[in-house]
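Chain by chain, the residues run as shown.
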Amino acid sequence: RLDDAIGVTMIEQGGSERPFRLPIPEFGFEPLPTTVIDHSEWPWRFSALPFQSFYSAKAALLDPEPDEDDRPTLTHTSVVIYGSEPIVTPAGSYVAWRVEVGDDHVAWYDTEAPHTLVAWEDGMEKWALTSIE
């Protein structure tokens, strides 16, 4: 993180590098977020959240896929942990913490430590745990 921006480097298939400096989005009068999360990996990283009902935080969501400008995007978002709820997956039934990231992203984590990711959805796709080995 560089003050009010972060530096990211896209490495293309041929190995060429494209560095970007992305400004951290404004949060109104609130301080800048301390966490930058990647659009595709947050569900796995969030198993280490401090699971408690109605925990909330602000974060900046990095989407590395280029938009119309052929560059990654960084947008502000909220992270909210709701109380536990039942969820059924092919691997079994769980009581799981519901974690919402922004308006479209939801993940469910087993209430028992180590808080296994049991399901998640991103507004287009829904994934569920099929087995534990």
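Above this text you will find the structure in question.
Calculation notes
- The residue numbers shown here count from 1 along each chain, following its written sequence.
- With the structure being a predicted model, the display of local features is reserved for residues of pLDDT at least 70 and the display and counting of side-chain atom pairs for 80 or more, all residues being used for whole-chain, interface and lining totals.
- Each side-chain value is worked out from all heavy atoms of the structure, with water and hydrogens disregarded.
- Strands here mean DSSP runs of E at least two residues long; helices mean DSSP runs of H or I at least four residues long; both are numbered from the N terminus.
- Only protein chains enter the calculation, and the probe is 1.4 Å; a residue is then buried if its accessible area is under 20% of its type maximum, exposed if over 50%, and partly exposed in between.
- Contact criterion: two residues are considered in contact whenever any of their non-hydrogen atoms come within 4.5 Å of each other.

**Student:** I'd love a proper account of the environment of T116, names of residues and values included.
**Tutor:** Within the element layout of this structure, T116 appears in the loop between β7 (105–110) and β8 (117–121). Taking relative accessible area as the criterion, T116 reaches 31% and is therefore assigned partly exposed. Other than its neighbours up to four places away in sequence, T116 contacts W108, Y109, D110 and L129.

**Student:** Describe in detail unusual backbone geometry, supporting the description with residues and values.
**Tutor:** Where the residue is not glycine, phi is negative for most of them; where a peptide bond is considered, it is trans in most cases. Between A113 and the following residue, P114, the backbone shows a cis peptide bond with an omega angle of 15°. Its identity is not glycine, yet F54 carries a phi of approximately 60°, on the positive side. When its relative accessible area of 60% is taken as the criterion, F54 is described as exposed. Non-glycine residue H115 carries a positive phi angle of around 55°. Examined against the element boundaries, H115 turns out to sit in the loop between β7 and β8. For H115, a relative accessible area of 17% translates into the label buried.

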